[in-house]
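Listed below are the residues making up each chain.
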Amino acid sequence: MSFTVDNTQAEVDFPVPMENFRRQVNERLRSSVDSVEPPRLREAMAYSLLADGKRIRPTLCLLTFEIFDTDVAIALPTACALEMLHTASLIHDDLPSMDNDDFRRGSPSNHRVFGEGMALLAGDALLAYALEFILQNAEALRPEKILGVMAKLIEVVGPSGLSGGQAIDLYCQGREQVDPWTVEEMHIKKTGALIEASVVTGAILGGASRDDITRLTTYARNLGLAYQIVDDILDETSTFDEFGKEVGQDRAAGKWTYPRLMGVEQARERVRELITRAVAELDGFGERASMLRWAAQVVHDRAAA
């Protein structure tokens, strides 16, 4: 089966297990904000949270969990919380004081519909509500698993993750020269940290061993960096209809990206290297990790499109 994904209008055939997880996440997300008050804040949160998307982060969580356990209902609240964190980061990134994007997923950005103040509050509310939502639905989890998941998600929001990555991004804008290590650190924190958390929390909830979590962390770290480089490539090579938002924004804003640093073709080669490393970490999991391999292949193929 196929459907339109959130940052490109090209249709992708998603395996049935991934489409099933996407459907479950969407159903749970729709009900998750029903009771939020006040109404205008709820509308702003729901506008971005319920927009059509691949749900790649919650799906990665559920796919990783399924390597170790079959009762995915246990991991579903955390999967939804990951999408809340991701949505909050998108709302904040789009603000005029940040990336200044007027469109997201082919629709007007949150601040264009609700105003900058309400968009800021909607993002803040989703950051907090993500953690609250896990705790509200944690009755089937042992305390050590709850603590492990919460610690990882709190880390994602802070200086080691989204906030740190965005700070580096703002600092680098407009500078005449930035070294490759700074660009990589920005990408690892701004995009990669949440993808890493998606995989790691799934492993924690599934009862993975420390060695397994280490290998899956390496897989996810490589995947997350590759994912951001691909987005940077598409910002230079695709169109608004394909990308779901204005293209060429990064270069126009003076942002430092892999394509700007080394050119599109070398950036594509970097993606190939990262995906090869990511997939190699899955060798010990056999067929149980087939969907994680598929996800890595999709990232690779988007770079080459």
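Source: prediction; values computed, not measured. (Residues numbered from 1 in each chain as written. Predicted model: local features only at pLDDT ≥ 70, side-chain atom pairs only at ≥ 80, totals over all residues. Heavy atoms only, no water.)

A. Here's a closer look at the overall build of the chain. A count of helices and strands for the chain gives 15 helices and four strands. Scored against the burial criterion, the 305 residues of the chain give a buried share of 54%. Sequence separation of at least 24 residues holds for 72% of the intrachain contacts in the chain that already meet a minimum separation of 6. Total accessible area computed for the chain in this model is approximately 12900 Å², and 52% of it derives from carbon and sulfur atoms. (Helix = DSSP H or I, 4+ residues; strand = E, 2+ residues; numbered from the N terminus. Buried < 20%, exposed > 50% of the residue type's maximum accessible area, 1.4 Å probe, protein only. Contact = heavy atoms within 4.5 Å. Areas by Shrake-Rupley, 256 points an atom, 1.4 Å probe, with all protein chains shown as cover.)

B. Spotlight on the side chain of Q166. Within the fold, Q166 resides in helix α8 (residues 162-172). Not counting the four nearest positions on each side in its chain, Q166 is found in contact with D93, M98, D99 and K190.

C. Focus on the packing of aromatic side chains. Within the structure shown, the criterion is met by three aromatic pairs. Ring centres of Y47 and F114 lie 5.5 Å apart, and the angle between their planes is 70°; on these two criteria the pair is classed as edge-to-face. In this pair, Y47 sits in helix α2 (residues 39-49) while F114 sits in helix α5 (residues 110-114), placing the two residues 67 residues apart along the sequence. With relative accessibility at 15%, the residue F114 sits in the buried group. Where F68 meets F285, the ring centres are 6.1 Å apart and the plane angle is 90°; that geometry is what we call edge-to-face. With a gap of 217 residues between them, F68 in helix α3 (residues 56-68) and F285 in the loop between α14 (264-280) and α15 (290-304) connect regions that are remote in the sequence. Geometry around F285 places R215 over its ring, the cationic atom sitting 4.4 Å from the centre. Positioned above the aromatic ring of Y227 is the side chain of R302, whose terminal nitrogen or guanidinium carbon lies 5.8 Å from the ring centre. (Phe/Tyr/Trp six-rings, centres within 6.5 Å; stacked < 30°, edge-to-face > 60°. Lys NZ or Arg CZ within 6 Å of the ring centre and 35° of its normal.)

D. Region of the structure containing the side chain of T78. Secondary-structure assignment places T78 in helix α4 (residues 76-94). Judged by relative accessible area, which is 1%, T78 ranks as buried. If sequence neighbours within four positions are ignored, T78 has contacts with C61, I134, V149, T201 and L205.

E. Up close: the environment of L205. With respect to the helices, strands and loops of the structure, L205 is situated in helix α9 (residues 180-206). The spacing of L205 and G148 is 57 residues in sequence and 8.7 Å in space, taken between C-alpha atoms.

F. Here's a closer look at α4. Here α4 is 19 residues long and its end C-alpha atoms lie 27 Å apart, about the 27 Å a rise of 1.5 Å per residue gives. Taking burial as the measure, the 19 residues of α4 include 19 buried ones, the bulk of the element. (Expected span 1.5 Å × (residues − 1).)

G. How the structure looks around α8. All buried positions along α8 are accounted for by L162, G164, G165, Q166, I168, D169 and C172. Looking at the buried positions of α8, the neighbouring elements they touch are α4, α7 (143-157) and α9.

H. Structural view of unusual backbone geometry. The linkage connecting E37 with the following residue, P38, adopts the cis geometry, with an omega of 0°. Relative to the helices and strands, P38 resides in the loop between α1 (16-32) and α2. Positive phi, close to 55°, is recorded for N100, a residue that is not glycine. For N100, the location among the structural elements is in the loop between α4 and β3 (103-104). Here N100 falls in the partly exposed class, since its relative accessible area comes to 40%.

I. Quick look at the nonpolar core. Ranked by size, the top nonpolar core spans 89 residues in total, and within it M45, L60 and Y219 carry the most contacts. For this core, the element with the most residues is helix α10 (residues 210-237), which contributes 11 residues. Those residues in contact with M45 that lie beyond four places of it in its chain are V33, V36, A122, A125, L126 and Y129. (Core = buried A, V, L, I, M, F, W, Y, C linked by side-chain atoms within 4.5 Å.)

J. Fine view of the packing of α8 against α9. The geometry of α8 relative to α9 is characterised by a closest axis approach of 7 Å and an angle of 145° between their N-to-C directions. The handedness of the crossing between α8 and α9 is left-handed. Contacts between α8 and α9 involve L162, G164, G165, Q166, I168, D169 and C172 from the former and T182, E185, M186, K189 and K190 from the latter. Taken together, the residues of the contact of α8 with α9 break down into four nonpolar, four polar and four charged. (Axes fitted to C-alpha atoms, helices over the stretch in contact; angles between N-to-C directions. Left-handed = near helix turned anticlockwise from the far one by under 90°. Nonpolar A, V, L, I, M, F, W, Y, C, P; charged D, E, K, R; others polar.)

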